[in-house]
Amino acid sequence: MSRMGKARVRVPERAAKGEVVEIRAMVDHPHESGFRHDNMGRPIPRHIVESFTCSYNGREIFRAKLHPAVSTNPYFMFHALAMESGELVFTWTDDQGGVATQTARISVTD
Amino acid sequence: MTQTIETGRRDFLIKTAAATGALAIGFKLPRVAQAADGAAQTPEVTHWIVIQPDETVVIRIARSELGQGTFTGLAQLVAEELECDWSKVRPEYADVNEHVRRNRIFKDMSTGGSRGIRDSQEYVRQAGASAREMLVAAAAQEWGVPASECKAAKGVITHTSGKRTTFGKVAAAASKLEIPKEPKLKDQKDWKLIGTSPARFDIPDKTTGKQIYAADVRLPGMVYASVVQCPVFGGKLKSFDESKVKGMRGVKSVVAGDDWVAVVADNWWRANQAVKALPVEWDVGENGNVSSESIKQFLRTGIEAKDAPVARKDGDAASALAGAAKVIEAEYYAPYLNHATMEPQTATALVTDERVDVWVGTQNGEATITAASETAGIPLENVYAHKMHAGGGFGRRGPHQEYTKQAVKIAQTMRGTPVRLQWSREEDMRQGRYRPVALVKLRAGLDKDGNWTGWHVRQADQSIIITVRPAMIKDGVDPINTRCFQDNPYAVPNFTNEYAMRNTHVPPGFWRAVAHTNNPFFRECFIDELALAAGKDPYQFRRPLLQGKKDLGVLDAVAKAAGWDKPAPKGLHRGIAVVDSYGSFTAAVVELSVEGGKVIDVKRVIVAIDSGHVVHPDAVKAQMEGGVIWGLSSVMHEEITIENGRVVQSNFADYPVLRLAETPPKIETIIVPSGGFWGGVGEPPIGGVIPALANALFAATGKRVRSMPLKNHGFSYKT
Amino acid sequence: MAVNCRIGSRTLPGRRRALRSLAAGVCILIVRPAAATPGELAAALRESFGDRQIQRGKVKLEMPRLAESGNVVPVTVIVDSPMTEREYVKSVHLFAEKNNLPRILEVQLGPYNGKAVVSTRIRLATTQQVLAVAVLSDDTLWSAVTEIEVTVSSCG
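Here we summarise the structure given alongside this text. (Residues numbered from 1 in each chain as written. Chains lettered and ligands numbered in written order. Predicted model: local features only at pLDDT ≥ 70, side-chain atom pairs only at ≥ 80, totals over all residues.)

Quick look at the environment of Gln431(B)
(1) Moving on: If you trace the backbone, Gln431(B) turns up in the loop between α13 (425-430) and β22 (438-446).
(2) Moving on: Along the backbone, Gln431(B) and Asn338(B) are 93 residues apart, and their C-alpha atoms lie at a distance of 9.1 Å. (Helix = DSSP H or I, 4+ residues; strand = E, 2+ residues; numbered from the N terminus.)

Okay, structure coming up:
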C-alpha cells in the first residue's frame, strides 16, 4: 500500500442540533493527472486520488469520485446537518491503493 | 515638482511638472467617478463605439499598441463599415475591468501571434456595421421613414427626400436600439478605407516624446521599487540582511517573495543602489551546474536517441535515403535569445482594502488583471488594469506577468501608496523568457538527376507551449516548435519530421516569430546545401517544389526584384529564402559584399509578403522593415548563454542588438496581396531574411555557417 | 507580437460553432445531451445521463471569469434545493469541455448535508466552458455553464 500525505479537516467543535455546519477537507497528494510531461516530453504516469468520503457516526454523508482534473492536494468544502454528537471519519483512496484517514469530533447541543 | 489631480470627470489627469517639462497621464477613472458623472456621459452606441455630440467617434481597441499600428488598423476596419468621418475617429483602449464585468465583451485581449487583424477582423467590422445600422435606424425612426431609404456616409445620414442628420445627433437614440446580430458586411470592392494608409494614431506622440509608457507613470505620493530575483531559475530566496540597507538614503522598506527581494525607496536610483547592496543568499537547487555546454549535450541526446516522436511522415524517408545517389547531412544550432525590450519590465500598483489598480504596458490586459487579482486576493471586478502603450513587447509582456505580481505584492505591504516597480536592465536581461535553444539534424537524398527524393529531419529543442498549454502536446510533439517542418510546403515525396523535446530549467518564452526565427534558418540554408549538391541554382531548385503553393508567388516576386535571372554585379552576392507563417507568405533576398572575408556589408534586402488582404499598407511596410532589422540583429549578434545555471549577459554591451550604422541602406518591401484571406504581418517578415543572409554569405565566402549568431564565427557588419 | 498558439480554438471554426451551440443548447434550451455537443463531452454526458433531458437552471456555478494558470481554479456549485427528506440533491457532476478528459468530478449528496453547496479546486487545460449538472431526488437534471479564460494559455 502506497503512502498518502497528511490529511487536514476542519469541522466545528460544537453545533446546535439542526444547524448546517461547514466542513473542509484536504489531503496532500500530487494527484498527478497523467497528462503532464517530464523534461523529455514523456508522460508522467497518472497517480490520482480516486475517491473521498465522509461519514458521520457511520453514515456516509459525502462521496466524491475524482478524475485527473481535480487540482493537486484535493480540497473539498461541503455541509452537514448537525443531528447528534459524534465522530466524522474522512477517507481518501488513491489509484495505487494508498489510503488516508482523518477523524474529527463534533458535539451537538439541543 | 507640483502635482495636481483633477477628478469629477471621466478622465482624470495627473499632471507632473518636473524640471524637464510637464508630463500628463490621462486614464479613465473607473466606476466611482463614472457613476457620479453618468448622466453627463455620452452613451455608447455599442460597446465598441461611442459617438459624441461633437461628432467625435471613439473606437475601442481590445488589442495592445506595441508599435505595430493596431490602434489604426483595427479602427480602420470598424470605420470602414461604420461609414463615419475618419478625421473624427479617436481610438482608445477597451477598459479591462469593464470587459471582465461585462462578461468578456471585447473578446480576445491578447496581442500576439500576429493575430490582431486576422483574428478580429470579422467581429470588429461587424461592430462597425451594427452601429451604422443602429444609427440609420434611429434617424429613420425620427423621420418616420423606412431605414432602407436612408444612407450613411462620412458620418452623415441622408434620406431620399433630402432629409439630413449626423451620427452625433442620433447617437443617443441609436444607443437605445438592439444591436443587430448578423449585420451585413460590405463587399470587398466597396472598401474605401481598408487598403489605404491614413496617418497612424500612435506615431506623433512617439515622435515628439509625448508618449507616456509604463516607465513614465508618476502618481502622487508614489514610491519606487527595484528587484533582484534568484539568478538560477527555479531557485528560492534563502535569506537577506535588511539591516545593511535600512539606513541608506531614501530607503523605505524591503519586501520579499519566494524567489525575489525588492527594495522600496523614494526614487528608483536609490531603490536600485540599495537592492544591489543588499546581502542576499539564494537556494539555487540542482540547476546551479547547468551551462550552455551541458544544455547542448542534453539536446544532443535528442538527436542521437534511437527513436523520437513523429510530427509528420510522408512516404518512406529511410528507404529513399538508402536508395539515394547522394545523401546530404547537416546539423544546425540556434541559441537562447532575449526580448531585450527597450523599456524594461515595469508595473505600477496601488492596493487598497477594496481595490487594486495597476498600470502596465501589457500585451494581454486579461493576463494582467488576473495576475493582479490572484496576487492581491481581490476579485477581478475590483481590479483595474490601466493599459499603457508598451516600449517594445515582442512576446515578453503577454502571459507571464511576474512584474505585475511583484508590484502588487509590494504595494500590498503599503496600502494606499502607489509603487512603481521597474526592473533594472540587468534583471531584464537575466530574468527573461527566452527564445529556446534548438539543435536539428537534417538528412536529404538526391537521385542521380539531382531531384530531391527523401528528407529526414530530427529536431531537439525546448518546448514553450508545454509551459503554458501542455494539452497541445500530442504524443510528445510540440506543434509550434515543429513549424516549418511539419507544415513544410516543399513537395518531397518521402519526408519524416521527428521531434525530441528537451526541456531545461531556463524559462522559455514566445519571442517575436517564435520557431519561425530558427527553423527557417535551418530549413532554408539546408535547401541551399541541397541545391549546391544538385548543381542547381537555389531559386530554380525551389521553384518546381513549390508549384501550386502561395509561397511560389512571393519567391518569384523577390527573385524578380533582385534581377535573379542575371548574375549579381561584381563583388556582390545574393541569398534567397521563402517562409510561410502566421497565415502569410514571405520571401527575402539579401545582397551583400564581404570585406576581408569577415566584414559583411549588407547592401540591399528585398522582402515580399502575401498576407491576403492588406488593411494599412504603410503599417505592413513598417512591419516588414522592422522584421528585417529584427532578423539581421538576431542572426549576427544575439545570444544568451548559461553558466552556473544563470544567464551570463547583463546589458546591451554583451547582448548587442543591431545599430543604425549596421542597418542596410536599402530595405525594399513588396506587398503582393492575393486576396481572399487574412494573414498576419507582425512576425512573418522575420523568417526569410535570416537564411537569406546566411545563404548570401555562403555565396560570398564559400563558408556554410550552421549556427547562430554569426559573430561566433568571426563575422561582423560593416558600420 | 509573438505567437500563434491558438491552434485548437482558432483554426477550427467548426468546433467554435459547436461550442457556441453547446452553450446555447445546454444553457438556454431544454435539450438531450447528445444533441449538439463536441464529441467527447457529448459521450460523457450520454454515458452519465443517457437520453435524459438536462435543463438549465437551479444550479449556480461560481468560478472566476479569468484564471492565470488553470492549475488551481476555485469552483463552487450551489444547487437550489431545500435538502429535505422529500426534496434533495442526489449528485453533482462537473465537466470540462476542452480538457483531455471531460469528467472532472462526481459528488453524491443527500438530505443529511442540509445545504447543497460544494467547493473544490480544479484544473483546466485552456480557455473553455465548464458544465455543472445536478441530479435531483425527483430524477430531473439541472445545469449551469460558465466560461473561463485561462490567460497563460492565450500566449503572447
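With respect to the sheet that holds strand β6 (residues 75-81) of chain A
(1) Moving on: In spatial order, the strands read β1(A)-β3(A)-β6(A)-β7(C)-β4(C)-β2(C); together these six strands make up an open sheet with antiparallel pairing. This sheet does not close on itself; its edge strands, each paired only once, are β1 (7-10) of chain A together with β2 (59-62) of chain C. With strand direction ignored, the average angle separating the axes of adjacent strands in the sheet is 15°.
(2) Moving on: Pairing geometry for β1(A) and strand β3 (residues 20-27) of chain A, over four bridges, is antiparallel. For Arg8(A), the partnering residue across the bridge sits in β3(A) and is Met26(A). (Pairing = 2+ DSSP bridges. Axes fitted to C-alpha atoms, helices over the stretch in contact; angles between N-to-C directions.)

Details of the interface of chain B and chain C
(1) Moving on: Between chain B and chain C, the contact holds 39 residues from the first and 24 residues from the second.
(2) Moving on: Counting residues per element, the ones that place at least two in the side of chain B that touches chain C are α11 (365-376) and α14 (465-468) of chain B.
(3) Moving on: Examining the composition of the side of chain B that touches chain C, we find that six residues originate from one element, α11(B), more than from any other. (Contact = placed C-beta atoms within 7 Å.)

Some points on the interface of chain A and chain B
(1) Moving on: Facing the seven residues of chain A at the interface are ten residues of chain B.
(2) Moving on: For the side of chain A that touches chain B, the class distribution of residues is two nonpolar, three polar and two charged. (Nonpolar A, V, L, I, M, F, W, Y, C, P; charged D, E, K, R; others polar.)

Things to note about the pairing of strand β18 (residues 346-351) of chain B
Residue and element names in this part refer to chain B.
(1) Moving on: For β18, a buried count of six out of six residues is recorded, marking the element as mostly surrounded by other parts of the structure.
(2) Moving on: Because side chains alternate across β18, one face comprises the buried residues Thr346, Thr348 and Leu350, and the other comprises Ala347, Ala349 and Val351, equally buried.
(3) Moving on: Across four bridges, β18 lies against strand β21 (residues 419-422) in antiparallel orientation. Looking across to β21, one finds that Ala347 is bridged to Leu421.
(4) Moving on: Bridging between β18 and strand β19 (residues 356-360) involves five bridges; their strand directions are antiparallel. Across the sheet, Ala349 pairs through a bridge with Val358, a residue of β19. (Buried ≥ 20, exposed ≤ 12 C-beta atoms within 10 Å, placed from the backbone.)

Quick look at the packing of helix α18 (residues 617-636) of chain B against helix α19 (residues 684-701) of chain B
Residue and element names in this part refer to chain B.
(1) Moving on: Interhelical geometry of α18 versus α19 gives an angle of 45° and a closest axis separation of 8 Å. What the angle tells us is that α18 and α19 run oblique. α18 and α19 meet at a crossing whose hand is right-handed. From α18, Gln623, Met624, Gly627, Val628, Trp630, Gly631, Leu632, Ser634 and Val635 reach across to α19, where they touch Pro685, Ile686, Val689, Ile690, Leu693 and Ala694.
(2) Moving on: A breakdown of the residues in the contact of α18 with α19 according to their chemical character gives eleven nonpolar, four polar and no charged. (Parallel < 35°, antiparallel > 145°, perpendicular 65-115°, else oblique. Left-handed = near helix turned anticlockwise from the far one by under 90°.)

The values are spatial; any link to function lies outside them.
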